[in-house]
Amino acid sequence: MDVSKLMFRPGLMDGQRILVTGGGTGLGREMTEAFLKLGATVHICGRRAAKAQETADALIEAHGGTVVAHGCDIRDADAIDAMIDAIWEDGGALTGVVNNAAGNFISRTEDLSINGFNAIADIVFRGTFYVTHNVGKRLIAEGRKASFLSILTTWVWNGSAFVVPSAMSKSAINTMTQSLAVEWGRYGLRFNAIAPGAFPTKGMSARLAPGGRGGNDMSGGNPMGRVGEMHELANLATFLMAPGAEYVNGQTIAIDGAGYQANGGTFWGALSHLGDEEWEQVRAMIKGTNEKDKAERTA
Ligand code: HXC
């Protein structure tokens, strides 16, 4: 990310303590960099502990400050509890959480096994709740305010073919955002979400457009003729996490160049024509990526 394009003043996030799930890679890493650059202490977690540590080391080297890496699979509620204990012991309460960790792959829904559905639902739907619930309970008990931000997609409004477990799970987190904004607003806990369009990352491209196969409608046909730039996402995330706009609560904000209004922002156009053989190839390519990632996991 070009940090010179961050639109906020240095020191804006001094004293903030933020957990970014999935902060070692992709969008999570970009938001982590922005928060760090603006003065926050950032905790990041990922299933690949070494990857998270590598990111922490690189960002500290570039910007100074504090990034603490944790190996944690958010599908495991006990592992989350241990991580949040460690965060509290290392400097006290969090002031913010970014629910960024996710899992997704394109597939015809009739080809999904129950395990395939659960692999995604357990991360996005259950895991996001586990993190939010764990941190929220502690903050309520201590009477502390905080901002929660979930990274969703525009499919929460119109669904999406070929990524049904993700669309279902992210829709549920959209509902969590709206519900807890009301229920926990009285504790000073606020809940917002961002629905990004196409901000290409390695993990996403390997699973949503493997080998360039199919691609998606999110960048082609975008009214602005391009995909998103990371600093744009980071600036919006900062606005929602930093002090100064606390009255924003219960909102899900799209950042997609109006792609969703123009073409639905889904995979239907690009993937609806694929046949059995092409889906076999897609599946094999995604499997290769999953196996490679898995070999790097310690958590
Ligand atoms: C059908 C598949 C499959 C595929 C996996 N499975 N890939 N089924 N088609 N392409 C099935 C497996 O066969 C298995 O079921 C089950 O899913 C679990 O597979 P594992 O590889 O053991 O899962 P796991 O190691 O837990 O990996 C989780 C994952 C993986 C979700 C499958 O993709 C992952 O780790 N992703 C993290 C990163 C990521 O996805 N980033 C992209 C996020 S993009 P069986 O029955 O065989 O046991 C995003 C939204 C983007 O979230 C929005 C853009 C607008």
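Residues numbered from 1 in each chain as written. Predicted model: local features only at pLDDT ≥ 70, side-chain atom pairs only at ≥ 80, totals over all residues. Heavy atoms only, no water.

**Q** Describe the site of the ligand, listing the residues and the values that go with them.
**A** Neighbouring the ligand are 25 residues, the closest being R47, R75, S113, R207 and K294. In the environment of the ligand, an oxygen atom lies 2.9 Å from a nitrogen or oxygen atom belonging to the side chain of R207. Burial of the ligand by the surrounding chains reaches 80%, relative to a free accessible area of 1100 Å². Partitioned by chemical class, the residues of the shell around the ligand number 9 nonpolar, 10 polar and 6 charged. (Near = heavy atom within 4 Å. Polar contact = N/O pair within 3.5 Å; in protein donor to acceptor, adjacent residues only side chain to side chain. Areas by Shrake-Rupley, 256 points an atom, 1.4 Å probe, with all protein chains shown as cover. Nonpolar A, V, L, I, M, F, W, Y, C, P; charged D, E, K, R; others polar.)

**Q** Describe the packing of helix α1 (residues 26-37) against helix α2 (residues 49-63), and please don't skip the residues or the numbers.
**A** Look at α1 against α2: their axes get within 11 Å of each other, and the N-to-C directions meet at 35°. Remark: the crossing between α1 and α2 carries right-handed chirality. Contacts from R29, T32, E33, L36 and K37 in α1 reach T55, A58, L59, I60 and H63 in α2. The residue makeup of the contact of α1 with α2, split by class, is 4 nonpolar, 3 polar and 3 charged. (Axes fitted to C-alpha atoms, helices over the stretch in contact; angles between N-to-C directions. Helix = DSSP H or I, 4+ residues; strand = E, 2+ residues; numbered from the N terminus. Left-handed = near helix turned anticlockwise from the far one by under 90°. Contact = heavy atoms within 4.5 Å.)

**Q** Please give an account of the packing of helix α4 (residues 114-142) against helix α6 (residues 164-183) that cites residues and values.
**A** The interhelical angle for the contact between α4 and α6, taken along N-to-C directions, is 15°, at an axis separation of 8 Å. When the interaxial angle is binned, α4 and α6 end up roughly parallel. The crossing of α4 and α6 is right-handed. Across the interface between the two elements, F117, I120, A121, V124, F125, T128, F129 and T132 of α4 pack against P165, S166, M168, S169, K170, A172, I173, M176 and L180 of α6. The residue makeup of the contact of α4 with α6, split by class, is 12 nonpolar, 4 polar and 1 charged. (Parallel < 35°, antiparallel > 145°, perpendicular 65-115°, else oblique.)

**Q** Let's hear about α2: which residues, and what values?
**A** With 15 residues, α2 extends 21 Å from end C-alpha to end C-alpha; this agrees with the ideal 21 Å at 1.5 Å per step. Regarding α2, the residues found buried are A52, T55, A56 and L59. Along the axis of α2, the buried positions cluster into a sector of 100°, meaning they face one direction only. With respect to the buried face of α2, the exposed residues turned more than 90 degrees away are A50 and E61. On its buried face, α2 is in contact with α1, β2 (41-46) and β3 (67-71). (Expected span 1.5 Å × (residues − 1). Buried < 20%, exposed > 50% of the residue type's maximum accessible area, 1.4 Å probe, protein only. Arc of directions from axis to C-beta.)

**Q** How would you explain the side chain of R17 if you had to name every residue and give the values?
**A** Mapping R17 onto the fold places it in strand β1 (residues 17-21). The buried charged residue R17 lacks any salt bridge, with D90 as its nearest oppositely charged partner at 5.7 Å. Only 2.7 Å separates the side chain of R17 from the backbone oxygen of G92, close enough to count as a polar contact. (Lys, Arg positive; Asp, Glu negative; His and termini not counted. Salt bridge = Lys/Arg side-chain N within 4 Å of Asp/Glu carboxyl O.)

**Q** Kindly report on unusual backbone geometry, identifying the contributing residues and their values.
**A** A positive phi angle, close to 70°, is found at F162, a residue other than glycine. Relative to the elements of secondary structure, F162 occurs in the loop between α5 (155-158) and α6. According to the relative accessible area criterion, F162 is buried, its value standing at 12%. Residue A258 is not a glycine yet carries a positive backbone phi of 70°.

**Q** Describe in detail the environment of E229, supporting the description with residues and values.
**A** Within the secondary structure, E229 is located in the loop between α7 (202-208) and α8 (230-241). Distance from E229 to A198, taken between C-alpha atoms, is 9.1 Å for residues 31 residues apart in sequence. Once residues lying within four places of it in the same chain are set aside, the contact partners of E229 are K5 and F199.

**Q** Can you tell me about the pattern of salt bridges, naming the residues and giving the values?
**A** Where charged atoms from two side chains of opposite charge approach closely, those side chains can pair. For the coordinates displayed, the defined rule picks out 13 salt bridges. The salt bridge partner of K5 is E229, with a shortest N-O separation of 3.9 Å. Here K5 is found in the segment before β1, whereas its partner E229 is found in the loop between α7 and α8, with 224 residues between them in sequence. Residue E229 is classed as partly exposed on the basis of its relative accessible area of 34%. The salt bridge partner of R108 is D111, with a shortest N-O separation of 2.9 Å.

**Q** Now, about the environment of P243: what can you tell me, with residues and values included?
**A** In this structure, P243 sits in the loop between α8 and β7 (252-255). C-alpha separation for the pair P243 and S147, spaced 96 residues apart in sequence, amounts to 9.1 Å. Each residue touching P243, except ones within four places of it in the same chain, is listed here: L12 and Q16.

**Q** Can you break down the sheet that holds strand β4 (residues 96-99) residue by residue, with the values?
**A** Spatially, β3-β2-β1-β4-β5-β6-β7 is the arrangement adopted by the 7 strands of the open sheet, whose pairing is parallel. Two strands lie at the open edges of the sheet, namely β3 and β7, each paired on one side alone. Taking the axes of each pair of neighbouring strands and ignoring which way they run, one obtains an average angle of 20° across the sheet. Where strand β6 (residues 189-196) meets β7, 4 bridges bridge the pair, whose relative direction is parallel. Of the residues in β7, the one forming a bridge with A195 is A254. Sheet strands touched by α6: β4, β5 (146-151), β6 and β7. Its angle to β6, the strand with the most contacts, is close to 150°. Contacting β1, β4, β5, β6 and β7, α8 runs over the sheet at an angle of about 165° to β6. (Pairing = 2+ DSSP bridges.)

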